[in-house]
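One-letter residues, chain by chain:
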Amino acid sequence: MASATPPAQGRSPRLSDRGLAVAFISPALLLLLAMSVFPLLWALYLSFTDYSATRGGPARWVGFGNYTAILASAQVHQRALTTLLYVVGAVGLQTVLGFSIAYLISRRTRGRGLLTTVFLVPMMLSPVVVGLFWRFMLDAQFGVVNSMLGSLGIGPVEWLTRQRTALVSLIVVDTWQWTPFIMLIALAGLTAVPKYLYEAASIDRASEWFRFRTITLPLVWPLLLIAVLFRAIEAFRLFDLVYILTNGGPGVSTETLSFHVYKVAFLGFNTGTASAYGILMVLVVIVLTQLYLRYLNKLKED
Amino acid sequence: MGVSVNEAVSTDPVRDHPPPARRRGGRGRSALEVALLTVLAIVMLFPVLWMIETSIKENRDVYAIPAKFFNFQFTMDHFKDVFVGAGGGRSALSVSFLNSVVVAGVSTVLATVLGVPAAWAYSRFAVKAKKDQLFFILSTRFMPPVVVVIPIFLMYRQVGLIDTELGLILIYAAFNLPFTIWMMKGFVDEVPAEYEDAAMLDGYTRLQAFRRFTLPLLVPGIAATAVFALIFSWNEFVFAIFLTSSDDVRTAPPAIAGLIGGTTVDWGLVAASSVVFALPVLVFAYLVRKHLVAGVTLGAVRR
């Protein structure tokens, strides 16, 4: 562990250390202030106005008008529900699958490196590539998925053009891409479980299930929770996959909150309303991130 | 092949130990597990293989019903179309690939140049409210891009950065910076501060000590961090689609996504450009596989 304070050596080095720290840290912080904090503050200001990016003209102050309109909007409630279904469905599925794969891999002695590498491929692909390619595979007419189902005698499924199936497709594709993420972190946790614990347990003739429940799970759980929270935050802000795979459709059945913000901002040009909408989303993200960081911090201190 | 993942997180010096003791007589079960893993691996890999196959298929085989798995007509035309335009010159796609190289490359350099010194300073010095600062830095990375892009769009319009490569470079550098700082701080923490202290006793200033003794030890870490930043910028889509529009500036992700805009979609071309686009990412990811856990959690989770 690197200690924070360098040894005091006379009086000048200490002073220059502070100068060095400022000189090294402030450029990075300045860039973040300019590109992250300032824009958010601007959005905060716009959220109290009726500004429109196309109409131009001066922005009129409307107080909390945008916020009350959004919180009362049935449309927004529907998007919130869609987002919730998606987050719970996708992250839930990924967790179960990812952990299971990690558990199976951790029990193998040979071929572990190869298996891990194979499973990790989807995660590294761009959402654009993933979205486009699944769109092709899920095509109702010439998609390979329906083709395979057809040879099993299952009729063509309109994956992306039916209200119910479209959200399921979205969840399936996201699960395909991000199961490796959970798997990777779960595997890291599983391989960190000290071997002697298992040895002690097998001397005691503990059952496999007992060992899993009392040794594996408690030790892997903290790390797994980190992965789940991380995925939940990412899933909550999902935009690109929706944009490519379904474009929110059919109807509005796959519109997530992020996608709706985009429509209000860039298709409706209600910049003020969209900013308020965005700020509300940011608040949710801040709460989730705080949760995540607190937990991470606790884990590190243990 | 070294099992990279093991080393990334374990708090325990024992690594690469055999899996949780398997019971004897569990042969049948073990075979079942292998079969299950194989099936899962095929499911995970199939879309990628299908993409590669589609990219080398004649068009009529691409749209064949039912889908042709093996006896298809081989062609390299789709790959030619990725690089060569209809008139014979360079295609719009190949220009976008070049733009992607420039934008991802320069933004990564910028994030590294700003991030590495900051990470070193956070690791070595008693900075006021250090933990809060670090957490603040990481939390900027979690902001929904669609929300951030609204004010950035207005800001860029004001200063003339809309539809420029510089605009994309700046936003990508800012979005990779939190990651670079967190990831690098982990690497700096691993280099004992005593090296610098000893060098300073020999009469070097702290800055010299950093440059001559710590920095060389950080090179592998810097390389790994930069590769991840490169992948993140390369794959980025949301900022690219909202902040750029012209063919000369556009990066590859919006350009590839633009291929499905028309009434008919040339899926062979989509597949070929996706393969060209994804290949470098997979190669790079393989190079940094040791650091994947830290990389994909933005430097937050490590040993």
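Residues numbered from 1 in each chain as written. Chains lettered and ligands numbered in written order. Predicted model: local features only at pLDDT ≥ 70, side-chain atom pairs only at ≥ 80, totals over all residues. Heavy atoms only, no water.

(A) A look at the confidence of the model for chain A. Residues and elements named next belong to chain A. When pLDDT is averaged along chain A, the result is 87, and 95% of the positions lie at 70 or above. Across chain A, element-level confidence peaks in helix H3 (residues 74-106) with a mean pLDDT of 94 and bottoms out in helix H8 (residues 195-203) with 80. Here residues 1-12 is a poorly scored stretch, pLDDT under 50, and it has 20 contacts once near neighbours within four places are set aside; other chains count. (pLDDT = per-residue confidence, 0-100. Helix = DSSP H or I, 4+ residues; strand = E, 2+ residues; numbered from the N terminus. Contact = heavy atoms within 4.5 Å.)

(B) Examining the environment of A:Ser169 more closely. Residue and element names in this part refer to chain A. Within the secondary structure, Ser169 is located in helix H7 (residues 163-191). Classification of Ser169 as buried rests on a relative accessible area of 1%. Along the sequence, Ser169 and Trp159 sit 10 residues apart, while their C-alpha atoms lie 6.2 Å from each other. What Ser169 contacts, discounting residues up to four positions off in sequence, is Leu138, Trp159, Leu160 and Leu245. In this structure the side chain of Ser169 is engaged in a polar contact, spanning 3.0 Å, whose partner is the backbone oxygen of Trp159. (Buried < 20%, exposed > 50% of the residue type's maximum accessible area, 1.4 Å probe, protein only. Polar contact = N/O pair within 3.5 Å; in protein donor to acceptor, adjacent residues only side chain to side chain.)

(C) Seen up close, the domain arrangement of chain B. Residues and elements named next belong to chain B. Structurally, chain B comprises domain 1 (23-83) and domain 2 (92-296). Put simply, the middle of domain 1 and the middle of domain 2, counted by C-alpha atoms, are 32 Å apart. Across the domain 1 to domain 2 interface the summed buried area is about 1,100 Å²; carbon plus sulfur atoms make up 77%. The interface formed by domain 1 and domain 2 contains 0 salt bridges. Taken together, the connections running from domain 1 to domain 2 amount to 2 residue pairs in polar contact (both at pLDDT 80 or more). (Domains from an automatic or database assignment. Buried area = accessible area lost by both parts, 1.4 Å probe. Salt bridge = Lys/Arg side-chain N within 4 Å of Asp/Glu carboxyl O.)

(D) Quick look at the interface of chain B and chain A. At the interface, 119 residues of chain B touch 115 residues of chain A. At the boundary of chain B with chain A, total buried surface from both sides reaches about 10,400 Å², with 77% on carbon and sulfur atoms. Of all residues in chain B, B:Leu37, B:Met44 and B:Phe142 bury the most surface against chain A, accounting for 8% of the area lost on that side. Applying the counting criterion to the chain B and chain A interface returns 4 salt bridges. A salt bridge links A:Arg108 to B:Glu33, with the shortest nitrogen-to-oxygen separation between them at 3.5 Å. Looking at the side of chain B that touches chain A element by element, the count peaks at 17 residues for helix H2 (residues 27-55) of chain B. Taken together, the residues of the side of chain B that touches chain A break down into 91 nonpolar, 14 polar and 14 charged. (Nonpolar A, V, L, I, M, F, W, Y, C, P; charged D, E, K, R; others polar.)

(E) Region of the structure containing the side chain of A:Ser47. All names here are of chain A. As for its position among the elements, Ser47 is in the loop between helix H1 (12-46) and helix H2 (65-72). Taking the relative accessible area as the measure of exposure, Ser47 reaches 0% and is therefore buried. A polar contact is formed between the side chain of Ser47 and the backbone oxygen of Leu44, at a distance of 2.5 Å. Residues in contact with Ser47, not counting those within four places in the same chain, are Gly63, Asn66, Tyr67, Gly272, Ser275, Ala276 and Ile279.

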